[in-house]
Amino acid sequence: MSLVIFSHGRCLSYDIGLDHPEAASRIYAIQDQLLSSGLEFVVQQRDATPASMEQLYLAHDPAYVDHVFDAVPDTGHIWLDDDTQVNAKSLNAALYSAGSGINAVDLVMQQPDTQAFCLIRPPGHHAEFRAAKGFCVFNNIAIAAAYAMQQYDLGRVLIVDFDVHHGNGTEDIFQHELRVKFFSSFQHPFYPYTDPVSHSSSIVKMPLAAGTTGALYQRRFNEEWLPLMQAFQPELVLVSAGFDAHIEDDMGQMKLTELDYLWLGQQLKQLADQFCGGRLVSMLEGGYEHSPLARSVVSYLKGQL
Ligand SMILES: [Zn+2]
């Protein structure tokens, strides 16, 4: 067993406006908590490398990717949607975010019984095949999944998304992809206001009412998801790990605690152990209140040890 964290200084070297919730200080808070919890001495930390244009094209319309690079100015910023502001530095960071998922897939595919966590920003799960959305420019987890299928010829990739917001982008990209099974739990009704009903066998949704507790979450995960996940027999488990369903994070109104994230870490590691030699890659999505975010990430990682 070994746990590796991929990150890069470029993911910390920008901010997209004062008081923006998706701030570099989120990552600093997690790094501080890794240190004070002692976990820093147990995990390995590695620098991510940037994704290539061809790798971005694996999950996005090349015309969209090219448009983003053409449109972002050297100085100043543009808006790709109402919530998604991009400048030259954040676009560069987005390449490292996407690249970290490729690094992590390579690692766990080549070194069984290894888990990876990508400590990155910007997040990715709202980015669609040809559109940015909700702070996300490129869909990091979808690029990682598409790369795994292409590079390692995988036929069954499981993606789990427990962010408080629905992973609309991942659904958009994989709704017709039979090699992927995408499980997403999310507060409903809530941003990004996607259809709570699945219309594809590749997509499994768990809409949750505001105020949902960890006990209810765990029960529904066990009853509704676990049998389907086991039946899928994944060859790789990928996780869009957002921590904004925490009770102290006012980005949403759910009531999970760090103990629920510990439990999620344990469940997903067990699943990966059972079916795919422990191959588990998690990528940071949301989580905006620094202290609960940092505590939750550390708990989630401890669940995998
Ligand atoms: Zn979120």
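Note that this is a predicted model, so its numbers are computed, not measured. (Residues numbered from 1 in each chain as written. Predicted model: local features only at pLDDT ≥ 70, side-chain atom pairs only at ≥ 80, totals over all residues. Heavy atoms only, no water.)

**Observations regarding the overall build of the protein chain**
And step 1. Helix and strand counts for the protein chain come out as nine helices and ten strands.
And step 2. A globule of 305 residues ought to have a C-alpha radius of gyration of about 19 Å, and the protein chain, at 17 Å, matches this closely.
And step 3. By principal-axis analysis of the C-alpha atoms, the protein chain measures approximately 50 × 40 × 40 Å.
And step 4. Put simply, the protein chain has 305 residues, and 59% of those count as buried.
And step 5. Within the protein chain, contacts between residues separated by at least 24 positions form 73% of all contacts whose residues are at least 6 apart in sequence.
And step 6. For the protein chain, the separation between the mean place of its 18 positive charges and that of its 36 negative charges on side chains is 5 Å. (Helix = DSSP H or I, 4+ residues; strand = E, 2+ residues; numbered from the N terminus. Rg over C-alpha atoms; globule rule 2.2 N^0.38 Å. Buried < 20%, exposed > 50% of the residue type's maximum accessible area, 1.4 Å probe, protein only. Contact = heavy atoms within 4.5 Å. Lys, Arg positive; Asp, Glu negative; His and termini not counted. Charge placed at Lys NZ, Arg CZ, Asp CG, Glu CD.)

**Here we look at unusual backbone geometry**
Trans peptide bonds make up most of the peptide bonds, and negative phi angles are found at most residues other than glycine.
And step 1. Here the residue pair R121 and P122 is connected by a cis peptide bond, since its omega of 5 degrees sits within 30 degrees of zero.
And step 2. By the element assignment, P122 lies in the loop between β5 (114-118) and α5 (140-152).
And step 3. Between H188 and the following residue, P189, the backbone shows a cis peptide bond with an omega angle of 0 degrees.
And step 4. Residue position: P189 is located in the loop between β7 (180-187) and β8 (203-208).

**Digging into the packing of helix α4 (residues 88-110) against α5**
And step 1. At a minimum axis distance of 9 Å, the contact between α4 and α5 shows a crossing angle of 40 degrees. With respect to each other, α4 and α5 are oriented oblique. Helix-helix and strand crossings are classified by hand; for α4 and α5 the assignment is right-handed. Here α4 contributes A94, S97, A98, G101, I102, V105, D106, M109 and Q110 to the contact with α5, which in turn contributes N140, I143, A144, Y147, A148 and Y152.
And step 2. Grouping the constituent residues of the contact of α4 with α5 by class yields ten nonpolar, four polar and one charged. (Axes fitted to C-alpha atoms, helices over the stretch in contact; angles between N-to-C directions. Parallel < 35°, antiparallel > 145°, perpendicular 65-115°, else oblique. Left-handed = near helix turned anticlockwise from the far one by under 90°. Nonpolar A, V, L, I, M, F, W, Y, C, P; charged D, E, K, R; others polar.)

**Notes on the packing of aromatic side chains**
And step 1. With the rule as written, the count across this model stands at 13 aromatic pairs.
And step 2. Considering the side-chain rings of F162 and Y300, the 5.4 Å spacing of their centres and the 65 degrees angle between planes classify their relative orientation as edge-to-face. A residue pair is termed long-range when its members are at least 10 positions apart, and F162 in the loop between β6 (157-161) and α6 (168-174) and Y300 in helix α9 (residues 290-302) qualify at 138 residues.
And step 3. In textbook terms, an aromatic cluster arises when at least three aromatic residues are bridged by ring pairs, as seen for F117, F162, F243, Y261 and Y300.
And step 4. When the ring centre of Y14 is taken as reference, the NZ or CZ atom of R121 above it lies at 4.0 Å. (Phe/Tyr/Trp six-rings, centres within 6.5 Å; stacked < 30°, edge-to-face > 60°. Lys NZ or Arg CZ within 6 Å of the ring centre and 35° of its normal.)

**Comments concerning the environment of R179**
And step 1. Among the secondary structure elements, R179 is positioned in the loop between α6 and β7.
And step 2. Between the C-alpha atoms of R179 and L158, which are 21 residues apart in sequence, the distance is 8.6 Å.

**Things to note about the environment of W79**
And step 1. With respect to the helices and strands, W79 occurs in strand β3 (residues 77-81).
And step 2. Considering only alpha carbons, one finds W79 and A132, 53 residues apart in sequence, at a separation of 9.4 Å.
And step 3. Excluding residues that lie within four positions of it along the chain, W79 makes contacts with T84 and Q85.

**Things to note about the pairing of β6**
Looking down a regular strand, the side chains alternate between one sheet face and the other.
And step 1. β6 sits mainly inside the fold: five of its five residues count as buried.
And step 2. Burial along β6 is two-sided: the face carrying V157, I159 and D161 and the face carrying L158 and V160 are both buried.
And step 3. Where β6 lies against strand β9 (residues 236-241), five bridges are found, and the strand directions are parallel. Opposite D161, over in β9, you have S240 as the bridge partner. (Pairing = 2+ DSSP bridges.)

**Considerations on the sheet that holds strand β1 (residues 2-7)**
And step 1. Strand order in the open sheet formed by eight strands is β2-β1-β5-β10-β9-β6-β7-β8, and the pairing between neighbours is parallel. Unpaired on one side and paired on the other, β2 (44-47) and β8 mark the two borders of the sheet. Sheet twist, expressed as the average angle between the axes of neighbouring strands with direction ignored, equals 15 degrees.
And step 2. Where β6 lies against β7, five bridges are found, and the strand directions are parallel. Note on β7: the bridge partner recorded for V160 is F183.
And step 3. Where helix α7 (residues 214-232) meets the sheet, it contacts β6, β7 and β8, and its direction lies at approximately 180 degrees from that of β8.

**A word on the nonpolar core**
And step 1. F138, V157, I159, L236 and L238 are the most contacted members of the largest nonpolar core, which has 49 residues in total.
And step 2. Per element, the largest residue contribution to this core is eleven residues, and it comes from α4.
And step 3. Counting residues in hydrophobic clusters, the runner-up holds 48 residues, among them V160, L256, L268 and Y300. (Core = buried A, V, L, I, M, F, W, Y, C linked by side-chain atoms within 4.5 Å.)

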